[in-house]
Amino acid sequence: MLVPVSWIKEFVEIDIPVELLAEKLTVAGLEVAHLNYIGLPQETVDGVRWPESHHLVWDREKLVLGAIREVKPHPDADRLVLAMVDYGGDELEQCVTGAPNLFPYKGKGALESPLWTAFAAEGAEVWDGHSEEPQRMTLKGRKLRGIYNKSMVCSEKELGISDEHEGVILLDQQPTTSDGRPYPAGTPLQDVMGDVVLDIELTPNLARCFSVLGVAREVAALLDKPIRQPSYDFIAEGAPIDGQAAIQIHNAELNPRFTLTLLRDTVVQPSPEWMQRRLKLVGQRPINNIVDVTNYITFEIGQPLHAFDYDKLKARAGGNTPTIITRLPESGETLDTLDEVSRELEPHNILVCDTAGVLSLGGVIGGAETEISDQTTNVLLEAANWNFINIRRTMQSQKVFTDAGTRFSRGVHPSQAILGVGRGIELMRQTGGGQIAQGVIDEYPQPPATITIDLHIAEVERLLGMALPIDDVADMLTRLGFELTLKSEMMRVTVPDHRMDISDDPVVGQADLIEEVARIYGYDAIPNTIMDDAMPPQWENTALEREEATRDLLVALGLREIISYRFTTPAREAVLVPAGGKPAPWADAGYVTMANPIASDKTVLRHSLLTSLLESAVNNQRYQQSQQIFEIGAVYFKRTGETLPQEPRRLGLLISGERGLAEWMGDQAPGAFDFFDVKGVVEALIDGLHVDGVTFQRTAHPSFHPGRSADMVRDGVTLGTFGELHPLVGRAFELKSPAFVAEIDLDGLLTASNADFKSRSLPITPAVYEDIALIVPEDMPADDVLNVIRQAGGDLLKDAVLFDVYRGASIPEGTKSLAYSLTYQTDERTLKDKEAASIRKKIVKAAEKRLGAKLRG
Amino acid sequence: MLEQLQAIEEEALAALEAASDEEALKAWSSRYIGKKGAVTQVLRGMGGLPAEERPRMGKAANEAKVRLEAAYEQRAEQVEAEALARDLAAGAVDISLPGRTRKRGGLHPSTRTLRRFYEIWGDMGFQVYRSRDVELDDINFTALNIPPHHPARDMQDTFYTTDEGVILRTHTSPGQIHAMRELGADGTQPIRVILPGMCYRYEQITARSEVQFHQVEGLVVGRNIRMSDLKGTITEFAKRMFNPSAQVRFRASYFPFTEPSMEIDVECFLCAGKGCNVCKYTGWLEIAGCGMVNPVVLRNGGYDPSEWSGFAFGMGPERITMLKHGITDIRYFWGNDLRFLEQF
Ligand SMILES: [Zn+2]
């Protein structure tokens, strides 16, 4: 929200630099995002940091208040005039200008009352009014159609006040100081119309600050200055309003209050310059005095107003007294609003209607039919109050965001309506003339109760951690507009109407007030302490610790962690299952589906980590000849009958490309990754996490190469699957080289991890080593051979490690030779070669008998 | 005969000087001091000397042999050292050539920052408590003092699911409710936890905003937890995380689930508060939001707010990682480009 400091000053004295004020407001929760300087220099204040501003600073000598005494015709140009300007010097300065708003004064001779304007002398720096892009220029003397000119009268654009360049600035009257002394011609323009506009970001709790007056109240509390209320009185000299209009409120919950005033025989015309300038500074486009006043009051005190053309209402009522009805729509009703949108009304949209139909969307936007036009002479002014939640819903569903709606949707107290309707009608009278009807029509079916809170001084210390004298606390609350009666250890606080953020719950309300005390006292002034409260009981957190240990293990194995979007689409995951493949392990789970997806590739939460691993691999393969990546994170399974999905943790990993690269040393490149690389990682993981009893079995997982993949099975439960990606899946993802992947149930794996595994002592006797090579049928799994060797070898066989697999001419076709190195050892004694030989014999015999194996000679 | 011995010794020493490798040394040794060497020959020839001269001659010959042996040892060491020096010189490599590539595994930058948080907060007695990603609207908002249609809901654009009342958590704060209900033992036990996790916001993905991001929330509940404790605790954290002399600024703000609420700014560590483009020339970096737990939230967690109080804070690991490492585009985090990740 934009708030000019000059406007705040109407309500409270400010005797500190604007930069310091902005810092104080920011620290108090009204975050000032920018300072927009109008002509004034930026000040440096100790301890306050503001970004350097690059605005135009008005030269105090060369940019001054000017008074145009006469407007003469240009002898040689119809479209130019000569403005004779008193700039405080000895003679009048002649400025050649084409400003259209001076033409009405052309050739009228010396003006009775001068036109007050902004004068720029030779050498002054201003913005170039003709340039599209902001561009500075310095005034130099030159001839304009034969007449020498070295100075000028300025437009708002040339001074950096607004984009207005239609005419020069013409003030309504001679400007005065805040205590009413007139500024003479030649006064530095900085003093007359220099300003700083605060751009404040308001959090939802600061609805009360959604107006200049609201910000001024905070300033008054922070600076400990009195607040000057604007006048809400109006001069009513017209016939009474009674009988001129009626109000019917059908739903007091949604429309707690509705007030009306009437102005007769007024003239719709442009607003005075001061009002237009203020509206422009807060980002509003001036339209006419009636509409401008409704906006002005909205920005000034935060109560939105709406003006009707009274005669149009009367015509709609067939010449009778118009009745304003607020109600919910009947089915099929529509409304053409001021923004030229024809709206279909929804059942919850509260409406302002008359007997002929809908007039406006209550509290949000007016209808086109009864709007103010240049011909309007009688104005019916509405100030109402609306339920903030309902206004929010209406703005969101109708997608219309107005200054009025924004304020109502944050919360405006119904007591403000009567203030706004009075101040508004008086400003309309002052700017357009006419007579205000006596009295106000005020329907107020539901006045809210006034809130009182008992604040105990001990609570302040309990929550803030420091003792404050009760008088200080009382003073801070009083500065904020709270009324209170003091007892010894407690105060009864009456909450002012505009503080709708203070709860009526006794405990919450106390906390609300303590926050106010802290804010005004200053958060920086509250001490820093170290907690001396009891330390809570500590608990084991193995799930996290083991997850982090898993990450460390994978990193030590050379893998790089990735983190992916947890969003995907069913179609992207369907690519993991080739046509005709068995269903994926997650096939029976439903998707957590977004009702409002942000993008077409992010519609559901994932079932598997494989998609994002493969997509990462595809994206990286352009730059990487070798990839080893992993991800740990949740997948989401929706189950029927359960409100919330399961969120099991998964570990996914992917290895692809070259194991190493040929380098300048001329070593041989170690070749491409294969199944045994991913198996090696899985084995190292199982080993490193101390998970016992895992066996590998061929898998039915459809994403894997059926011959080069395996399930990790423990106690009959599949913990995960690893192996080569199914070539059809790889092709579908457009992977250039085979990928070796794993997806593991991390919760299952980590539950099986044995953190208290026992270590083995070192051997105390020498071992006997021996090799053995067995010829077995080609399709026999190596695990079967190893199992027979282990069983036959008994306790004395400490280890059997496969070191060679041979197929070839020296053995029969359809067979392979598996060579193992065997280690025999016992702690009980030093084994003799003879003992080893007899075990070996047993192994060979068992292998012959149970596997049909032959010893390779 | 003595003269002969003297001549042999002189000749031998000269020859030793000329022997410059192991082979020549070996040949010298057998020629002069070996079993058939020249000195031995002299001793053998003593038979022809008068008996009274023999001891004198024998002693002289032995002494000459000892001298030659010592000279040999010395020379051998010298030759060896020279040979080593030659080898070393010949074996020098161009140390500017690149080393053999060792592919390094590594953690994601977010994980690294999360671990730093776990470590620092852990040292202050905060344990890690995790809760779910897919949440009930009731827990994510209503229990945290954000009723339906409350203006505060505008602060967090939400992903809704097709199930009524089920959303993706917009912050880790619902974990506060879970933690209080699970660990609080019906409002009788103090709590000190941090709650890390992925959060989701319905926002356009740009260099500055993402649809998913980590948050780390902190929660303390106790019988005597004060706002001054919150300030002290956060200041300690900032000093360890950023800079022991970092200035910290507490600025009033608004979160429905805390009261008073504050934003925490730390003096920009990139420009030492002088102003740079990262801190937008303000000299401050916003690092966290925090506040005293709102009484409504304490109640919803099972505590009596007139007896118990607490504080909570929340910070974004990605934002802090970006500040620390000069990352200018948040999309790098989930983009999984190895050229980025491998820098960590
Ligand atoms: Zn900086």
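Residues numbered from 1 in each chain as written. Chains lettered and ligands numbered in written order. Predicted model: local features only at pLDDT ≥ 70, side-chain atom pairs only at ≥ 80, totals over all residues. Heavy atoms only, no water.

J.: Quick one: what's the story with the overall build of chain A, residue by residue and with numbers?
T.: A count of helices and strands for chain A gives 22 helices and 40 strands. In terms of overall size, chain A is more extended than a compact globule, its C-alpha atoms giving a radius of gyration of 42 Å where 857 residues would be expected to give roughly 29 Å. Seen through its principal axes, chain A has C-alpha atoms that stretch 135 × 70 × 60 Å. Counting the 857 residues in chain A, one finds 54% classified as buried. Surface exposure of chain A reaches about 38800 Å², of which carbon and sulfur atoms provide 49%. Charge centroids of chain A, computed over 83 positive and 125 negative side chains, lie 8 Å from each other. (Helix = DSSP H or I, 4+ residues; strand = E, 2+ residues; numbered from the N terminus. Rg over C-alpha atoms; globule rule 2.2 N^0.38 Å. Buried < 20%, exposed > 50% of the residue type's maximum accessible area, 1.4 Å probe, protein only. Areas by Shrake-Rupley, 256 points an atom, 1.4 Å probe, with all protein chains shown as cover. Lys, Arg positive; Asp, Glu negative; His and termini not counted. Charge placed at Lys NZ, Arg CZ, Asp CG, Glu CD.)

J.: Describe the coordination of the zinc ion, naming the residues involved and giving the relevant values.
T.: Residue and element names in this part refer to chain B. Note on the zinc ion: its protein donors are Cys268 (SG), Cys271 (SG), Cys276 (SG) and Cys279 (SG). The metal-donor distances range over 2.2 to 2.3 Å. Around the zinc ion sit four donor atoms; with metal-centred angles ranging over 100 to 114°, the donor geometry is tetrahedral. Given the relative accessible area of 1%, cysteine 268 is considered buried. Residue cysteine 271 is classed as buried on the basis of its relative accessible area of 12%. (Donors = N, O, S within 2.8 Å, 3.2 Å for Na, K, Ca; no water. Tetrahedral: all angles 85-135°; square planar, octahedral: opposite > 155°, others 65-115°.)

J.: Provide a residue-level description of the interface of chain B and chain A, including the pertinent values.
T.: Facing the 111 residues of chain B at the interface are 93 residues of chain A. Looking only at chain B, the three residues that lose the most surface to chain A are Gln127(B), His149(B) and Leu338(B), adding up to 8% of its buried area. For the interface between chain B and chain A, the tally reads 12 salt bridges. For Arg49(A), the salt bridge goes to Glu267(B), with nearest N and O atoms at 3.1 Å. Linking chain B with chain A are 58 residue pairs in polar contact (both at pLDDT 80 or more), by the criterion used here. Among the elements that line the side of chain B that touches chain A, the one with the most residues is helix α8 (residues 227-241) of chain B, at eight residues. (Contact = heavy atoms within 4.5 Å. Buried area = accessible area lost by both parts, 1.4 Å probe. Salt bridge = Lys/Arg side-chain N within 4 Å of Asp/Glu carboxyl O. Polar contact = N/O pair within 3.5 Å; in protein donor to acceptor, adjacent residues only side chain to side chain.)

J.: Could you give an account of the domain arrangement of chain A, naming the residues involved and the relevant values?
T.: Residues and elements named next belong to chain A. Split into domains, chain A comes out as domain 1 (2-55 + 195-223), domain 2 (63-193), domain 3 (246-443), domain 4 (452-524), domain 5 (542-751) and domain 6 (768-855). In this structure, domain 2 and domain 3 have C-alpha centres spaced 38 Å apart. Across the interface of domain 2 and domain 3, roughly 590 Å² is buried in total on both sides, 50% from carbon and sulfur atoms. The partner of glutamate 156 in a salt bridge is lysine 280, with the nearest N and O atoms 2.8 Å apart. Where domain 2 touches domain 3, the interface holds three residue pairs in polar contact (both at pLDDT 80 or more). The class makeup of the residues in the side of domain 2 that touches domain 3 is five nonpolar, one polar and three charged. (Domains from an automatic or database assignment. Nonpolar A, V, L, I, M, F, W, Y, C, P; charged D, E, K, R; others polar.)

J.: With reference to specific residues and values, describe the pattern of salt bridges.
T.: Tallied over the entire structure, the rule returns 73 salt bridges over all chains. Between Glu547(A) and Arg130(B) there is a salt bridge, with its nearest N and O atoms 3.0 Å apart. Note that Glu547(A) is positioned in helix α15 (residues 542-556) and Arg130(B) in the loop between β1 (127-128) and β2 (134-136), a pairing that runs across two chains. You can call Glu547(A) buried: its relative accessible area is 5%. Each of the salt bridges in this network shares a partner with another, and the network as a whole consists of Glu547(A), Glu548(A), Arg551(A), Asp552(A), Glu561(A), Arg649(A), Asp747(A), Arg115(B) and Arg130(B).

J.: Outline the packing of helix α21 (residues 782-793) of chain A against helix α22 (residues 833-851) of chain A, supporting the account with residue identities and numerical values.
T.: For any two helices packed against each other, the geometry comes down to the angle between their axes and how far apart the axes lie. Residue and element names in this part refer to chain A. In contact at an axis separation of 9 Å, α21 and α22 are set at 135° when each is read in the N-to-C sense. Relative to α22, α21 is oriented oblique. Handedness of the α21/α22 crossing: right-handed. Between α21 and α22, the residues in contact are Asp784, Val785, Val788, Ile789, Gln791, Ala792 and Gly793 and Ile839, Lys842, Ile843, Ala846, Ala847, Arg850 and Leu851, respectively. Along the lines of polarity and charge, the residues of the contact of α21 with α22 split into nine nonpolar, two polar and three charged. (Axes fitted to C-alpha atoms, helices over the stretch in contact; angles between N-to-C directions. Parallel < 35°, antiparallel > 145°, perpendicular 65-115°, else oblique. Left-handed = near helix turned anticlockwise from the far one by under 90°.)

J.: For the pairing of strand β13 (residues 246-249) of chain A, give the residues involved together with the corresponding values.
T.: Residues and elements named next belong to chain A. Here β13 shows a buried face lined by Ile247 and Ile249 and an unburied face lined by Ala246 and Gln248. The sheet contact formed by β13 and strand β16 (residues 323-327) spans four bridges and is parallel. Among the inter-strand pairings, alanine 246 is bridged to a residue of β16, identified as threonine 323. (Pairing = 2+ DSSP bridges.)

J.: Explain a negative patch on the surface to me, and be specific about the residues and the numbers.
T.: Residues and elements named next belong to chain B. A cluster of acidic side chains, namely Asp21, Glu22, Glu23, Glu69, Glu73, Glu77 and Glu80, defines a negative patch on the protein surface. Residue assignment for the negative patch shows that the elements contributing at least two residues are α2 (22-32) and α4 (54-90). At four residues, the largest contribution of residues to the negative patch is made by α4. In this fold, glutamate 69 is placed in helix α4. (Patch = residues over 30% accessible without salt bridge, like charges linked within 9 Å, V, L, I, M, F, W, Y side chains within 5 Å.)

J.: Any chance you could break down helix α13 (residues 470-479) of chain A for me, citing the residues and the numbers?
T.: Residue and element names in this part refer to chain A. Here α13 has its buried residues at Ile470, Val473, Ala474, Met476 and Leu477. The buried residues of α13 occupy one face: seen down the axis, they fall within an arc of 160°. Taken together, the buried residues of α13 touch β25 (452-456), α12 (457-464), β26 (483-486), β27 (490-494) and α14 (506-521). (Arc of directions from axis to C-beta.)

J.: Give a description of the sheet that holds strand β2 (residues 31-38) of chain A that names residues and reports values.
T.: All names here are of chain A. What the three strands build is an open sheet, ordered β1-β12-β2; its pairing is antiparallel. This sheet does not close on itself; its edge strands, each paired only once, are β1 (2-4) and β2. Taken pair by pair, the neighbouring strands of this sheet meet at an average axis angle of 25°, ignoring direction. Here β2 pairs with strand β12 (residues 195-201) via seven bridges, running antiparallel. When the bridges of β12 are listed, valine 32 appears paired with isoleucine 200.

J.: Now, about the packing of α12(A) against α14(A): what can you tell me, with residues and values included?
T.: Residue and element names in this part refer to chain A. Here α12 crosses α14 at 70°, and the two axes come no closer than 10 Å. Overall, the two elements α12 and α14 adopt an arrangement that is roughly perpendicular. The two elements α12 and α14 cross, and the hand of that crossing is right-handed. Contact residues: α12 offers Glu459, Val460, Leu463 and Leu464, while α14 offers Gln510, Ile514 and Ala518. Looking at side-chain class alone, the contact of α12 with α14 contains five nonpolar, one polar and one charged residues.

J.: Break down the pairing of strand β9 (residues 309-315) of chain B for me, with residues and values.
T.: Residue and element names in this part refer to chain B. Of all seven residues in β9, seven are buried; the element is thus mostly enclosed. Of the two faces of β9, the one carrying Ser309, Phe311, Phe313 and Met315 and the one carrying Gly310, Ala312 and Gly314 are both buried. Where strand β5 (residues 212-222) lies against β9, seven bridges are found, and the strand directions are antiparallel. Each residue of the ladder has a partner; that of valine 216, found in β9, is methionine 315.

J.: Give a description of the domain arrangement of chain B that names residues and reports values.
T.: Taken as a whole, chain B is organised into domain 1 (2-90) and domain 2 (109-341). Computed from C-alpha atoms alone, the centre-to-centre distance between domain 1 of chain B and domain 2 of chain B is 87 Å.

J.: Lay out unusual backbone geometry in plain terms, naming residues and giving numbers.
T.: Of note, the bond from Glu259(B) into Pro260(B) is cis; its omega dihedral lies within 30 degrees of zero at -5°. Residue position: Pro260(B) is located in strand β7 (residues 258-267). If you check the backbone angles, Glu734(A) has positive phi at about 65° while not being a glycine. You can see Glu734(A) is positioned in the loop between α19 (727-733) and β36 (739-745). Judged by its relative accessible area of 61%, Glu734(A) falls in the exposed class. Despite not being glycine, Tyr281(B) has its phi angle at roughly 60°, a positive value. One can find Tyr281(B) in the loop between β7 and β8 (284-293). On the basis of relative accessibility, which here comes to 46%, the residue Tyr281(B) falls in the partly exposed class.

J.: Could you give an account of empty space enclosed by the protein, naming the residues involved and the relevant values?
T.: Counted according to the given criterion, the structure contains three cavities of 30 Å³ or more. In this model, the largest cavity occupies a volume close to 110 Å³. In this structure, the largest cavity is lined by 14 residues; those nearest its centre are Arg462(A), Leu463(A), Val293(B), Pro295(B) and Pro305(B). Of all the secondary-structure elements, those providing two or more residues to the lining of the largest cavity are α12 and α14 of chain A together with β8, α9 (295-300) and β9 of chain B. By volume, the second largest cavity amounts to about 70 Å³. Every residue along the wall of the second largest cavity is listed here: Gly558(A), Arg560(A), Ser626(A), Gln627(A), Gln628(A), Ile629(A), Lys103(B), Arg104(B), Leu338(B) and Glu342(B). Per-element tally for the lining of the second largest cavity: the top contributor is strand β31 (residues 626-634) of chain A, with four residues. Broken down by class, the residue content of the lining of the second largest cavity amounts to two nonpolar, four polar and four charged. (1 Å grid on protein atoms, 1.4 Å probe; cavity = no way out; pocket = protein on both sides within 12 Å on 5 of 7 lines; lining within 4 Å. Points joined across faces, edges and corners; volume = space filled by probe spheres on them.)

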